[in-house]
Amino acid sequence: MAAIELSNVNFTYPNSQRGDANTLSDINLSIAAGSYTAIIGHTGSGKSTLVSLIDGLLVPSSGQVQVGKVTVTSDAKQADLAKLRQHVGFVFQFPEQQLFAETVAQDVAFGPENLGWPPEKVKAAVKQSIADVGLPKEIGKRSPFMLSGGQMRRAAIAGVLAMKPSILILDEPTAGLDAQSTDQLLSLVAKLNAAGTTIILITHQMEQVAAYADQVVVMNHGRLVTSTVPQKLFSNPQLLADNHLAQPVAIKMRKRLQDKGLSLPLALTTDDLADHLASRIGGEADE
């Protein structure tokens, strides 16, 4: 079942912002409920505009965006957009810059309170979302500005999760994080996806695409080049080159091994490549 359907979607920014060019042209895209979709492409390819249409921050100039039971067209009413946003959470790049309250708990409570939830429901959502992002419960009483960078990022995400979105959009969520914080955040997102949340991830990191996504959307100059699976994308060097996309490290390493005469199955992650290599070496040792 599709959670999101874009049909013949075009979008043009007003002349005062982006000139006359069509920022998005003839987009047709289906994203299944519960899937993990990565949206990739060079800077300016239309990735952020695309997800802003899905979140209702923008409305299409023409065509139709269907998110769950909500349909958005060029004449969408604000009430429809508000209804859509009740189901879609958006984690912007550097979301910690949007923290503002005196305590983490107050910050996390802001979204649910604005949805008009009763106090007890808000309190329960705050407690659960702080736990979901791996922060200790006592951190709710602390100022968000006294946390580490990784903790601030997770606190900001907790504020989005508190509203219980069925679709979660993340725009370069690991930008500026160290390796440990990156791993923790990506593990959290994978856990949410395993629990049924539809994930849409904008990233420039091909390792993240290879390790987590089950669908990849490639954008280039406002057009959807392809919607495919990671295995097919990374098996097509010409497609990657044409769209200025890098190969994951595992793909590069496998190519070097092949050049030296060692044939191995396709591996998208270094862990998988190591497993294939160990199996190959073990098999040869048994002969």
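Above this text sits the structure in question.
On a predicted model such as this, the values are computed, not experimentally measured, just so you know.

## Quick word on the environment of Ile199
Part 1: In this structure, Ile199 sits in strand 8 (residues 198–202).
Part 2: In sequence terms Ile199 and Val189 are 10 residues apart; their C-alpha atoms lie 7.7 Å from each other.
Part 3: Those residues in contact with Ile199 that sit more than four places away from it in its chain are Ser35, Tyr36, Thr37, Leu168, Leu170, Val189 and Asn193.

## Comments concerning the layout of surface pockets
Part 1: Size it by volume and the largest pocket reaches roughly 590 Å³.
Part 2: Along the wall of the largest pocket there are 25 residues; nearest its centre are Phe90, Gln98, Gly159, Val160 and Met163.
Part 3: At five residues, the largest contribution of residues to the lining of the largest pocket is made by helix 4 (residues 104–114).

## Describing the sheet that holds strand 10 (residues 223–228)
Part 1: Reading across the sheet, the six strands line up as 6-7-8-3-9-10 and stay open at both edges, with mixed pairing between neighbours. The sheet is open, and its two edges are formed by strand 6 (88–91) and strand 10, each paired on a single side. Averaged over all pairs of adjacent strands, the angle between their axes in this sheet comes to 15 degrees, without regard to strand direction.

## A look at the side chain of Glu96
Part 1: Note on placement: Glu96 falls in the loop between strand 6 and helix 4.
Part 2: Not counting the four nearest positions on each side in its chain, Glu96 is found in contact with Met152, Arg153 and Ala156.

## Examining the sheet that holds strand 4 (residues 62–67)
Part 1: The four strands lie next to each other as 2-1-4-5, forming an open sheet whose pairing is antiparallel. Every other strand in the sheet has two partners, leaving strand 2 (24–32) and strand 5 (70–72) as the edge strands with one partner each. The mean angle between the axes of side-by-side strands here comes to 10 degrees, regardless of whether they run parallel or antiparallel.
Part 2: Here six bridges tie strand 1 (residues 2–11) to strand 2, and the two strands are oriented antiparallel to one another. Residue pairing across strands places Glu5 opposite Ser30, the latter belonging to strand 2.
Part 3: Along the sheet face, helix 3 (residues 78–85) touches strand 4 and strand 5 and points at about 125 degrees away from the line of strand 5.

## With respect to the pattern of salt bridges
Part 1: Per the counting criterion, the structure on display carries two salt bridges.
Part 2: Of the charged contacts, one joins Glu96 and Arg153 as a salt bridge, the two residues approaching to 2.6 Å between their closest N and O atoms. Of this pair, Glu96 sits in the loop between strand 6 and helix 4 while Arg153 sits in helix 6 (residues 149–161); the two residues are 57 residues apart in sequence, bridging distant segments of the chain. Each of the two residues, Glu96 as well as Arg153, counts as buried.
Part 3: When the shortest N-O distance is used, the salt bridge between Asp259 and Lys255 registers 3.0 Å. Taken together, the residues Asp259 and Lys255, both in helix 11 (residues 249–259) and four residues apart, mark about one turn of the helix.
Part 4: Taking the relative accessible area as the measure of exposure, Asp259 reaches 55% and is therefore exposed.

Basis of the calculations
- Residues numbered from 1 in each chain as written.
- Predicted model: local features only at pLDDT ≥ 70, side-chain atom pairs only at ≥ 80, totals over all residues.
- Heavy atoms only, no water.
- Helix = DSSP H or I, 4+ residues; strand = E, 2+ residues; numbered from the N terminus.
- Contact = heavy atoms within 4.5 Å.
- 1 Å grid on protein atoms, 1.4 Å probe; cavity = no way out; pocket = protein on both sides within 12 Å on 5 of 7 lines; lining within 4 Å.
- Points joined across faces, edges and corners; volume = space filled by probe spheres on them.
- Pairing = 2+ DSSP bridges.
- Axes fitted to C-alpha atoms, helices over the stretch in contact; angles between N-to-C directions.
- Salt bridge = Lys/Arg side-chain N within 4 Å of Asp/Glu carboxyl O.
- Buried < 20%, exposed > 50% of the residue type's maximum accessible area, 1.4 Å probe, protein only.

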